[in-house]
Amino acid sequence: KQEVTQIPAALSVPEGENLVLNCSFTDSAIYNLQWFRQDPGKGLTSLLLIQSSQREQTSGRLNASLDKSSGRSTLYIAASQPGDSATYLCAVGDNAGNMLTFGGGTRLMVKP
Amino acid sequence: DAGVIQSPRHEVTEMGQEVTLRCKPISGHDYLFWYRQTMMRGLELLIYFNNNVPIDDSGMPEDRFSAKMPNASFSTLKIQPSEPRDSAVYFCASSRPGTGGEKLFFGSGTQLSVL
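This text gives an overview of the structure that appears in the document.

Rules of the game
Residues numbered from 1 in each chain as written. Chains lettered and ligands numbered in written order. Predicted model: local features only at pLDDT ≥ 70, side-chain atom pairs only at ≥ 80, totals over all residues. Heavy atoms only, no water. Core = buried A, V, L, I, M, F, W, Y, C linked by side-chain atoms within 4.5 Å. Buried < 20%, exposed > 50% of the residue type's maximum accessible area, 1.4 Å probe, protein only. Helix = DSSP H or I, 4+ residues; strand = E, 2+ residues; numbered from the N terminus. Contact = heavy atoms within 4.5 Å. Phe/Tyr/Trp six-rings, centres within 6.5 Å; stacked < 30°, edge-to-face > 60°. Salt bridge = Lys/Arg side-chain N within 4 Å of Asp/Glu carboxyl O. Polar contact = N/O pair within 3.5 Å; in protein donor to acceptor, adjacent residues only side chain to side chain. Nonpolar A, V, L, I, M, F, W, Y, C, P; charged D, E, K, R; others polar. Pairing = 2+ DSSP bridges. Axes fitted to C-alpha atoms, helices over the stretch in contact; angles between N-to-C directions.

### With respect to the nonpolar core
Working step 1: Grouped together as the largest cluster of nonpolar side chains are 23 residues, with contacts concentrated most on F25, L33, W35, L75, I77, Y88 and L108 of chain A.
Working step 2: Looking at this core, the elements that each hand over two or more residues are β3 (19-25), β4 (32-38), β5 (44-51), β7 (62-67), β8 (72-77), β9 (86-94) and β11 (106-111) of chain A.
Working step 3: What L75 of chain A contacts, discounting residues up to four positions off in sequence, is L19, V20, L21, W35, L47, L48, L62, N63, A64 and Y88 of chain A.
Working step 4: Among the nonpolar cores identified, the runner-up in size contains 21 residues, and V4, A67, I79 and A88 of chain B belong to it.

Structure (C-alpha cells):
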C-alpha cells in the first residue's frame, strides 16, 4: 500500500525566503504526482502535476521535481510571500492517476 | 465555469439521522471523486466515478455509506445512519477526460458534524 510522507509538518519563514517542501512515497511505481494548496476552510487547489515520465514542472515562483527511483518530490517556492501561507499537500497517483494517496501536508506560514 | 459546487457547506445532525451531501462537477469533467478529510487520517478517497459509473468504492468505510451519480452533473453521498465518528469535511472533486491523471478540481467541501 502506498504511503506518502511530508516533512516538515509545519514551517514558519520570513518573507522573501526561498523554501523547499519535501514529499516521499514508498512505492515508486507511480503514475503521477500532484502538489496542492489548501487554505483554511477551503478546498484544495492543484498547483503542479508531474507525470511519471517527467522530472519537473514549473509555474511562476513554484517548481516541483520528481525522483521516482528515490521516492521523492520537492516543491520549491521562490521569494516567499505572506500570501503563500497555506497547507501544501502532495498526492501520488496510481492506477492511471485516478487513485490519489495524499500526504499529511506541510503547514506553511510566511511572516511579513 | 463556477467550479465544483457542493452543498450544504455545513451540516449538523444527530446520531442516527440520514445525511445527504451533494455535488455538481465541472461541466465536461467525466471523473468525479468523493474524499473525506479528518485531522487523524488526513485525506482519504472514498469512491470515484467515471462517466457516472462507480469504478472503485474500496474506500467507502461501511455499508452505511452510499454514493450515486444519476447523471453527469450531479452526485450524492449518503450516510445512513450517521455516527459521531463520521464527523469530517467531505470533498467532491472532478477532472476532465484525458490520457489519465489529469488535474483534480476540488469543491469547497461540506463540514459534517454528527452529535
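### Re the packing of aromatic side chains
Residues and elements named next belong to chain B.
Working step 1: Taken as a whole and judged by the stated rule, the model has ten aromatic pairs over all chains.
Working step 2: With a centroid separation of 5.3 Å and an interplanar angle of 20°, the aromatic rings of F33 and Y48 are classed as stacked. You can see F33 sitting in strand β4 (residues 31-38) and its partner Y48 sitting in strand β5 (residues 42-50), a full 15 residues away along the chain. Grouping residues by exposure puts F33 and Y48 together as buried.

### Considering the interface of chain B and chain A
Working step 1: Contacts between the two partners involve 19 residues from chain B, matched on the other side by 21 residues from chain A.
Working step 2: Remark: the boundary between chain B and chain A carries zero salt bridges.
Working step 3: Our enumeration of links across chain B and chain A arrives at two residue pairs in polar contact (both at pLDDT 80 or more).
Working step 4: Secondary structure elements with two or more residues in the side of chain B that touches chain A: β4 and β5 of chain B.
Working step 5: Here the side of chain B that touches chain A gets four residues from one element, more than from any other, and that element is β4 of chain B.
Working step 6: For the side of chain B that touches chain A, the residue count by class is nine nonpolar, six polar and four charged.

### Topic: the sheet that holds strand β1 (residues 4-7) of chain A
All names here are of chain A.
Working step 1: Taken in spatial order, the five strands make up an open sheet running β1-β3-β8-β7-β6, and their pairing is antiparallel. Edge positions in the sheet fall to β1 and β6 (56-59), since each has one partner strand and no second. Averaged over all pairs of adjacent strands, the angle between strand axes in this sheet comes to 15°, irrespective of strand direction.
Working step 2: Pairing of β3 with β8 involves six bridges; the strand directions are antiparallel. Looking at β8, one finds that V20 is bridged to Y76.

### Topic: the pattern of salt bridges
Residue and element names in this part refer to chain B.
Working step 1: This structure, assessed with the given rule, holds ten salt bridges over all chains.
Working step 2: Between E18 and K78 there is a salt bridge whose closest N-O contact spans 3.8 Å. Taken together, the residues E18 in the loop between β2 (10-13) and β3 (19-24) and K78 in strand β8 (residues 74-79) connect sequence positions 60 residues apart.
Working step 3: As a salt-bridge pair, R85 and E83 come within 2.6 Å of each other at their nearest N and O atoms.
Working step 4: A residue is classified by how much of its surface remains accessible, and E83, at 23% relative accessible area, is partly exposed.
Working step 5: Through salt bridges with shared partners, one network takes in E62, R64, E83, R85 and D86.

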